[in-house]
Amino acid sequence: MPIVAVDDTDSRERGMCTTYVATRIAARLADGDARVRRRLLVRLNPAVKHKTRGNAAVALHVSGVDAERAATVAVETIEEFAAAADPRTSPGVVVADRDADGDPFDPTGAPIPEAVAAFARRALRERLSVAEAVEIAEEHGFRHAAVGPAGGADGADEAVAGRGRIGALAAVGAPAAFDDWTFERISYRELDRCGTPREVDAESVFDAAAAGYPTVWDTVDRETGAAVCVPNAPGPILHGIRGDDPAACRAVAERIEGEPVERAATFLTNQGTDAHLAPGRIGDLRDGAGYRIAGTVAGEPETKRGGHVHVDVAGDRAAVAVDGASGAEDGSDAENGADADRLRAVAFAPTGRFRDRVRALRPGDRVTLCGEHEVRPDAAGPESTLKLEKFAVRDLVRTAPAVPTCPDCGRSMSSAGSGQGYRCRDCGTSAPGKVAEPIERDLEPGWYEVPPSARRHVAKPLVRGGFDASAHPER
């Protein structure tokens, strides 16, 4: 069963979509009597700077056609539809020749090589090279092609032909790399409408979203009134419906009213799975990778210019075992479990009401943070920054130091002098220092997340379940 994988056919400004190109490839293969058994939409590292917003590759699992013919059809279709005029676009194809009766999801058949599966896992957490993708593809006898001239230039990155082969090879290896999968039903516009405003009835979107929830999620943002499933980019997608059941996704899509749907397809995908997150420890994080980190709030949250909320967090040795990373042996505060290393967790303005959750944190709260790590050498504060996607409150500080009250008259005591505690001037009673006074908190233990309108494609919504504490889903 050949696996036909493609990537990097779209453009931030000029539109197009790799899922659409793959859907056209699937249609042409089917016209030639091939059978498309499965369509995989594989999200890659969201921290890659030259990506389009979704950073996804697509793999088609087909039968009834040989790999050579499948590769030819793929290249011809990409040449026709890819946004090749954008100098940052660099399409690539990888075709893995497999037994027509095999199934990439069946490890007892003709399993995907471990080196290819490992490459797929790394593609969600690292920045990989075309040279490595080509080397692995050729080592395993996979066909591959760069379509069009050298592209992909973006800032410091050099133009290279066929950069899409990185994502394409990752899409080939995805079935052996990931074990959590969801679905997306994508409906496409008539191609000549691309670049014009989408005509979608908002009320029907919200009604359909309500009918499908919670099996179908991230269709709308009820707080902001945004139809999240309808993109803003100038590409061919009319709407994309995500969820845990393909039939439910189709049903929601069919309830949405609007302009004509030219074609539609259902993809199996690693969206909404947190596949990009790895266990990490503050002080030992790579730039441009996603992590799940244990820590202790080390400062008061601050709202910065632009509405972004920053809070410093120190490593928490007492919690790292729970979250899967090894603790440090040096540079740690043994009394409170907090490491000397710190990072700055940031909730950006577009995360909206999520920022209120971050503002409600207090020094001493123990948390688990999830998000993309970035090193900012010019930062005023810790260079290590985590762009928050969600966080869990593990333990809340429930008291705050307060001036003691006199047990006789009930009035606040006064300072008796430096290092001499407190004394009631009327009654003569004394206390050695401040006392712990209960405080009200606007948070409860459990998980909090950004709203649907700010969520990355690959990030797992809390409504899907499977988290290690109570959840407070956004919808």
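A quick note: this is a predicted structure, and the numbers were derived from the prediction, not measured.

So what's going on with a negative patch on the surface? Which residues, and what values?
A surface patch of like charges, here negative, comprises D201, E203, D207 and E257. By the secondary structure assignment, E257 is in the loop between α7 (246–255) and β9 (263–269).

Give me the sheet that holds strand β19 (residues 422–423): which residues, what numbers.
Here 3 strands make up an open sheet; going across it, the order is β18-β19-β20 and the pairing antiparallel. A single partner strand is all that each edge strand has here, and the edge strands are β18 (414–415) and β20 (430–431). Pairing between β18 and β19: 2 bridges, direction antiparallel. Pairing of S414 across the sheet is with R423, part of β19.

Summarise the sheet that holds strand β8 (residues 237–243); cite the residues concerned and give the values.
Strands sit in the order β5-β4-β1-β3-β2-β9-β6-β8-β7 across an open sheet of 9 strands; the sheet is mixed. In this open sheet, the two edge strands, each paired with only one partner strand, are β5 (143–146) and β7 (216–217). Sheet topology places strand β1 (residues 3–7) next to strand β4 (residues 92–96); 5 bridges connect them, and they run antiparallel. When the sheet's bridge partners are listed, I3 is paired in β4 with A96.

Lay out the nonpolar core with the relevant residues and their values.
Core analysis: the largest hydrophobic core is formed by 50 residues, its most contacted members being F119, F142, L169, V172, F178 and I241. A per-element tally of this core places helix α5 (residues 164–177) first, with 8 residues. Not counting residues within four places of it along the chain, the set of residues in contact with F142 comprises V94, V95, A96, P113, V116, A137, L169 and V172.

Quick rundown of the packing of helix α3 (residues 114–122) against α5? Include the residues and the values.
Packing of α3 against α5 leaves a shortest axis separation of 7 Å and a crossing angle of 110°. As judged from the angle between their axes, α3 and α5 are roughly perpendicular. Between α3, through V116, A117, F119, A120 and R121, and α5, the contact on the second element is made entirely by I166, L169, A170, V172, G173, A174, A176 and A177. Here the contact of α3 with α5 is composed, by residue class, of 11 nonpolar, 1 polar and 1 charged.

Got a sec to walk through the pairing of β1? Specific residues and values, please.
The side chains of a regular strand alternate between the sheet's two faces. Counting buried residues in β1 gives 5 out of 5 residues, a clear majority hidden from the surface. On β1, burial covers both faces: I3, A5 and D7 on one face and V4 and V6 on the other are all buried. Sheet topology note: the β1/strand β3 (residues 56–63) ladder contains 4 bridges and is antiparallel. Residue pairing for β3: V6 is matched across the bridge by V58.

Summarise the packing of aromatic side chains; cite the residues concerned and give the values.
Tallying each qualifying case throughout the model produces 6 aromatic pairs. Ring centres of F178 and W181 lie 6.3 Å apart, and the angle between their planes is 70°; this geometry places the pair in the edge-to-face category. Exposure remark for F178: the relative accessible area of 12% places this residue in the buried category. Given the relative accessible area of 15%, W181 is considered buried. Three or more aromatic residues joined by ring pairs form one cluster here, namely Y20, F81 and Y188. Over the face of the ring belonging to F467 we find K460, whose NZ or CZ atom lies 4.9 Å from the ring centre. For the cation-ring pair, R475 lies above Y213, with the distance from its terminal atom to the ring centre recorded as 3.9 Å.

Provide a residue-level description of the pattern of salt bridges, including the pertinent values.
Counted according to the given criterion, the structure contains 32 salt bridges. Measuring nitrogen to oxygen at the nearest pair gives 3.4 Å for the salt bridge that ties K304 to E302. What makes K304 partly exposed here is its relative accessible area of 31%. Among the salt bridges present, the one from D426 reaches R411, with a minimum N-O distance of 2.6 Å. Residue D426 is located in the loop between β19 and β20, and its partner R411 is located in the loop between β17 (399–402) and β18; the two are separated by 15 residues in the primary sequence. Assessed through its relative accessible area of 47%, R411 is described here as partly exposed.

Describe in detail helix α2 (residues 67–81), supporting the description with residues and values.
Taking 1.5 Å of rise per residue, 15 residues should cover 21 Å, and α2 covers 21 Å from first to last C-alpha, within 8% of that figure. Within α2, the full set of buried residues consists of A67, A70, A71, V73, A74, T77, I78 and F81. Seen along its axis, α2 keeps its buried residues to an arc of 165°; they face one direction. Exposed side of α2, more than 90 degrees from the buried face: E68 and E79 are the residues found there. Packed against the buried residues of α2 are β1, α1 (18–31), β4 and β5.

Quick one: what's the story with the environment of Y291, residue by residue and with numbers?
Residue position: Y291 is located in strand β11 (residues 289–297). On a C-alpha basis, the gap between Y291 and H276 in space is 7.6 Å, while along the polypeptide they are 15 residues apart. Once you skip the residues sitting within four places of it in the chain, Y291 turns out to touch L277, A278, P279, G280, L285, R286, L369, C370, G371 and H373. A distance of 3.0 Å separates the side chain of Y291 from the backbone nitrogen of R286, its partner in a polar contact.

Can you explain the packing of α1 against α2? Please cite residues and give values.
Following both chains from N to C, one finds α1 and α2 inclined at 135°, their axes separated by 9 Å at the closest point. For the element pair α1 / α2, the angle class is oblique. Once α1 is placed against α2, the crossing between them reads as right-handed. Touching Y20, V21, R24, I25, R28 and L29 of α1 are A70, V73, A74, E76, T77, I78, E80 and F81, all from α2. Classifying every residue of the contact of α1 with α2 by side-chain character gives 9 nonpolar, 1 polar and 4 charged.

Tell me about the environment of A227, and please be specific about residues and values.
Considering the arrangement of structural elements, one finds A227 in the loop between β7 and β8. Taking relative accessible area as the criterion, A227 reaches 26% and is therefore assigned partly exposed. Sequence separation between A227 and S453 is 226 residues, and the spatial gap between their C-alpha atoms is 8.3 Å. Beyond its immediate stretch of four places on either side in the chain, A227 contacts V205, T219 and V220.

Reading guide: rules and limits
Residues numbered from 1 in each chain as written. Predicted model: local features only at pLDDT ≥ 70, side-chain atom pairs only at ≥ 80, totals over all residues. Heavy atoms only, no water. Patch = residues over 30% accessible without salt bridge, like charges linked within 9 Å, V, L, I, M, F, W, Y side chains within 5 Å. Areas by Shrake-Rupley, 256 points an atom, 1.4 Å probe, with all protein chains shown as cover. Salt bridge = Lys/Arg side-chain N within 4 Å of Asp/Glu carboxyl O. Lys, Arg positive; Asp, Glu negative; His and termini not counted. Charge placed at Lys NZ, Arg CZ, Asp CG, Glu CD. Helix = DSSP H or I, 4+ residues; strand = E, 2+ residues; numbered from the N terminus. Pairing = 2+ DSSP bridges. Core = buried A, V, L, I, M, F, W, Y, C linked by side-chain atoms within 4.5 Å. Buried < 20%, exposed > 50% of the residue type's maximum accessible area, 1.4 Å probe, protein only. Contact = heavy atoms within 4.5 Å. Axes fitted to C-alpha atoms, helices over the stretch in contact; angles between N-to-C directions. Parallel < 35°, antiparallel > 145°, perpendicular 65-115°, else oblique. Nonpolar A, V, L, I, M, F, W, Y, C, P; charged D, E, K, R; others polar. Phe/Tyr/Trp six-rings, centres within 6.5 Å; stacked < 30°, edge-to-face > 60°. Lys NZ or Arg CZ within 6 Å of the ring centre and 35° of its normal. Expected span 1.5 Å × (residues − 1). Arc of directions from axis to C-beta. Polar contact = N/O pair within 3.5 Å; in protein donor to acceptor, adjacent residues only side chain to side chain. Left-handed = near helix turned anticlockwise from the far one by under 90°.

Distances and angles like these do not, on their own, reveal function.
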